Each structure stands twice: as C-alpha cells, then as structure tokens.
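# Chain and residue survey
Below are the chains, spelled out letter by letter.
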Amino acid sequence: MEHTSLLERILRGIALTLVVIFFMFPIVWIFMMSFQTNETILRIPPQLIFEPTLANYTALITGKLMTAAGTLDIAFMRNLGNSVFLSVTSVAVSLLLGVPAAYAFARHKFRGSEDIAFTLLSFKFAPALLVLLPLTLYFQKLGLANTYIGLIWVYQLICLPLILWIVRGYFEDIPADIEYAYRIGGHSWFATFRKIALPLAGPGIAAAGLLAFIFAWNNFVFALVLASADKQPVTVGALAFITSSGIQYGQISAAIVLSITPTLALALYAQRYLVEGLSLGAVKG
Amino acid sequence: MTAVVSQRPKPSGFRISKKVLPYVLSLPALLVCIGILIPFLTSVVYSFQRYRLSQPWARQFNWGDNYISFFTDPKFWNTLKVSLLYAGTTVVLELLLGLAIALLLQKRSTLNNFISIMLLMPLMTAPALAALMWKLMTNPGFGVLSYLASLIGLQDFRWASSPSTALFTVVLVDIWVYTPFIMILLLAGLRSLPTQPFEAAALDGVPRSFVFFRITLPMLTPYILTATLFRLLDSIQQFDIIYAMTQGGPGDTLTVFQVEAYLNFFQSTNVGRSAALMIILWAITYFLSNIFIKNWLRLRERARGQA
C-alpha cells in the first residue's frame, strides 16, 4: 500500500473532497441561511457573501416574529424545551430500568433470559405505527393522550433496547472472577453490583445513555402521532413551524440549526462509542 | 443475604436468591414493554375488522376482507412497489457508496479520522429535520440546489414536487443521512481485519483487484451483511423523511407502507385497512429481522471475543 502512484493519490484526494462536499454542504448551507434575512436568501443566484444577522435567532428566542403584517408568536422555544425534557427523562427512566436488566442478562443465564432479551430487541425492528396507531385510541381512553408520561413511556421503545443490549455487552466484558472475589470477601450482591460492576461498565453506560438521548431527540413519528402542539419536540415542531410561518426561511433555518446542534455536539463528544452503539454492540470501534 | 454469603462461596441460600434475582432485575424493564405488546395484539384484531373511526357503529369482524381486498387494490400494489423500490435503491446505493468511502478512509491518519467523524454529522441529524433542510435547498424559488440544477441545464427541475423526480429526491436525502451508517460500520470492520493475509499477498505481488475480491470482501462479508440488513429493516419502514418531505405525495407517488397506514388512519380514518397494512409490513420485517439477528449475533460474539 506504500507505493501508491501520484495519479492514484490525486484521484483519492478528489474523491474524498467530493464526499466531504456532499455530506457537509447541506449543514453548512443551512447554517449560513440561518444568519441571513429573507431578502438575501431570496436573491438569485444564491449569495455566498452576505452581512450576517442574528435577527432570526433573536426572533426564535424571544418568541416574537416581526413581519410586515404585524408580530407573530412562535412557540419554537417550547418545542426545544420539550425535546430536552422528553429526551432526558426517557433516558433516565431507561437507564434505571435497563441497567439492572442488562446486568441480569449478562451475569445470570436464567430461564427465558435470551427470549426476553430478544423480545426487547425485536421492538427496535417492528414498524412503529403498528403499535402507535392502536395506542392513540388506548391513550385517549386512559387519559394518557398528549401527556409527558405517555410519551416517555412510549419513548422507552427507542431507549430501552439500545441501553439493554449495549450495556449488557459491557457487563459481559467484565471478568466474572473480579465479582466473585469481591463476593467471597463477604460483600452482598448489591454491593458487588454497585462497587464493582457499575464503575467498570461506567463508560459504556454513559455512552449508551448519550446514544439513547440522540435517538430519542431525533425521533419524529412517536410525537407526531401522540402529542399535540404544546408537547411536541423540535422534530415535529419544526415541520409545523414551516407551515405556520410560511415564508420566514431565515427563521426556519435558525430553528433547524438549534434543533440539530445538541445531537451533533453529543455525537462528536461520544464518537468513540458510536460504532458500538449503532450496531447494538455487534461491532467495536 | 449478606449473612448467608459470608459462610462459603456457594451456600444453598445463595443459590435460591440467585434464581429469583435475575427476574427481579429484569422485570421492570419487561413490564414497561408488555404495555406495548397489547396494542400490537389490538392491531391484529383491528386488521380483521371493518373499522372506520367515522362510522364506529358499523364496526364488525369481516375476517380476511381487508387482506383479500389488497389483491385487487392498485393502491396496495403501489404501496408495495414504492416501498420495495425505495428500500432496494437506498440500501444498494448506500452500500456501494459506504463501502467506497470506507475504503478511501481505511488507512489510519489524522485527516482520515477527522473526515470520518465529520461524515457522522448527517447520521446524527434527525431524519425529519434532514428532510426539511433538503426541502429548503430544493425550493423552486430560492433553493441552492434548484439553482445549481438550472446551471447544468435542468431548467425547472421540480425535485420532490414532481411525481417523476420525487422518489429520486427522497432517496437522495436517505443516502445523505444513512450512508455514514454503513460507512462507519464497514470502516470499523476493515480496520479490525487481521493484517497477515494482506502482508502475505503484498509479498507475493498479488494484484490489488485480486486482494480486494478474494481477501478483503470475503473477510468483510459479515460486516456488510449486518450493515445491509440493519439498513434494509429501517428503510422498508421509512416514514420520517418521506412524510416530512412530501407527506406521501405528490398524489400517491411515495405512499410507502408506514406513510400509507398513517394517512389511512388519520385522513380516511380506515383503521382496519391501516392495521392490515402494518401487519403485512410487520411480517416482512419479522422475516428480515430473523436473518439479521443470526448475522448480528455471530458478529457480536466475535466482537466480545476480541475484548
């Protein structure tokens, strides 16, 4: 592989440049649009050089949109808050439920353990609407329709299988002998779990939590079906925002930038674990 | 429990608690999910009923009618066709592109690692928001891509709003979002391959095409299979991108399974047909996920073995 010709290196360089342009351009472009007024956005040909303005972000954050026809209220910050609340709470609940279960599946092969683990996994692959559509009817009867509790419950379908299978892998990686040694020293099962297993699997648990957060944040269909405007996260809110604000393209771009920044930042932070997480523990990065 | 354990490593009291303990630990997680199993069964029941939200009084079992009517329903065949076409095109293109990029980035270097991390960004963008981004860029009035298309002679290229290019546009967005997924799995696979076969081949002066087809590809196959099936399972169920981009339109150009079921449920309030559609999709994904899980488990065993 060392003796690559100059021509090959040039071709590789060109190919990589094209790849980077294709995958980065939309993000860069929307980012640029978010600092423009409608006036410069609508100019043809599209402008690469413009005077950046923070007006779009100010309008979103203050929730007041000044238009020629008057001021318009935007509830986008509410959507952002919903996204944060739903994702954080769902992941917290998932960790609380999923980590002990993952430990049980990793350490104790019990009757039906594999069946249960696979049933949980299969939720990840079943069509979401199969469950969601009847669930809307049930939720209306139970009074869970358009409540945070109902949404967080359903979000477990995204977070739990992910956390269960990733964390299980990390527990399996801990040699059982360490735990036996600690237990022979007279410590209870719970102390062993808390003092040995949890700290050793700590990085894995954190990574699984971050990933689950990203997936919860990026989810669209659950909230589209089960939540109305005041409980909707950014993914659904941004879509509604487009139809309601009509032609405020600068604000829409700014809303998209605000909505994707948290997951992009987390992904950069957790990129070491992404491979393992995305493959549910099947491939190590 | 502490008192019992302190005698010997394996006293009888310890064994009893060991039997119950795993159930206690996994029960809460299970209970939360069982609540979700009920709607699944409800879906099965609905799919055998004539059930319209607009006519609740006419609700009754019609047994297989929802399914039988699919045979003569051109809308259903359109759904099946579009779903398979969408899944097939996206997965094949993403696999080829992802493999090519993974090969380009195979060598560990600062630049390559940096690029591979950058390429993850589309994958971390919510698919629904990615669709909105592309919608802004393909806007006929000011969209930069519409402008670029006009530069290369495609005047009035309508992207997602024309039936002839709508599928192309959503496939493009899908490729943008999900190619990095295949790329990153295959890159991890490529970098974990043993080096000896490649060194031996280099020593013997084996042509590089031979090395690629006879050594790299066969050794990479489990990774390719897992990544492909993973994507196929996801892609046949695609909803976010298509719904956010066109709501299944124009007309019924893009009414894939989940979009069609959603529209049936909320617009035509035909619960029975919507449920039957979802059961058929479920059957397809169940079949695919069984193949997937076998491959995935094999790969997982291997990854754990390396640890």
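Residues numbered from 1 in each chain as written. Chains lettered and ligands numbered in written order. Predicted model: local features only at pLDDT ≥ 70, side-chain atom pairs only at ≥ 80, totals over all residues.

### Section: the interface of chain A and chain B
Size of an interface, as often reported, equals the accessible area lost when the parts are brought together. Quick reminder of the rule: Two residues qualify as a contact pair if the distance between their C-beta atoms, derived from the backbone, is within 7 Å. In this description a helix means any DSSP run of H or I spanning at least four residues, a strand means any run of E spanning at least two, and both kinds are numbered starting from the N terminus. Residues were grouped as follows: Ala, Val, Leu, Ile, Met, Phe, Trp, Tyr, Cys and Pro as nonpolar; Asp, Glu, Lys and Arg as charged; and all remaining residues, including Gly, as polar.
Taken together, the contact between chain A and chain B spans 83 residues of the former and 79 residues of the latter. Of all the elements, helix α1 (residues 6–33) of chain A adds the most residues to the side of chain A that touches chain B, at 12 residues. Of the residues that constitute the side of chain A that touches chain B, the class distribution is 61 nonpolar, 17 polar and five charged.

### Some remarks on the UniProt feature "transmembrane region" (unreviewed entry) in chain B
All names here are of chain B. Heads up, the condition is: UniProt positions are given in the numbering used here, feature names are shortened, and annotations may be inferred rather than shown by experiment.
In this structure's numbering, the residues bearing the UniProt feature "transmembrane region" (unreviewed entry) are residues 20–48, 84–105, 117–137, 166–190, 211–233 and 275–293. Along residues 20–48, the helical share is 97% and the strand share 0%, with 40 Å between the first and last C-alpha atoms. The distance from the first to the last C-alpha atom of residues 275–293 is 26 Å, and the span holds 100% helix and 0% strand.

### Quick notes on the UniProt feature "transmembrane region" (unreviewed entry) in chain A
All names here are of chain A. Mapped onto this structure's residue numbering, the UniProt feature "transmembrane region" (unreviewed entry) falls at residues 12–33, 54–77, 83–106, 118–139, 145–167, 204–229 and 249–270. For the annotated span residues 145–167, helix accounts for 87% and strand for 0% of the residues, and the straight-line distance between the end C-alpha atoms is 31 Å. With 95% helix and 0% strand, residues 249–270 has its two end C-alpha atoms placed 32 Å apart.

### Quick notes on the domain arrangement of chain A
Residues and elements named next belong to chain A. What counts, and what does not: Note that the domain bounds reflect an automated or database-derived domain assignment.
Splitting chain A by domain gives domain 1 (6–73) and domain 2 (76–278). When each unit is reduced to the centre of its C-alpha atoms, the spacing between domain 1 and domain 2 is 31 Å. In this assembly, 15 residues from domain 1 lie in contact with 14 residues from domain 2. For the side of domain 1 that touches domain 2, the elements supplying multiple residues, two or more each, are α1, α2 (38–41) and α3 (55–62). For the side of domain 1 that touches domain 2, the element with the highest residue contribution is α3, accounting for five residues. Within the side of domain 1 that touches domain 2, the residues separate by chemical class into nine nonpolar, six polar and no charged.

### Description of unusual backbone geometry
All names here are of chain B. Of note, the phi angle at Trp159 is positive, near 50 degrees, even though the residue is not glycine. Relative to the assigned elements, Trp159 resides in the loop between α8 (144–151) and α9 (166–192). Positive phi outside glycine occurs at Thr269, with the angle close to 45 degrees. Within the element layout of this structure, Thr269 appears in the loop between α13 (257–266) and α14 (271–306).

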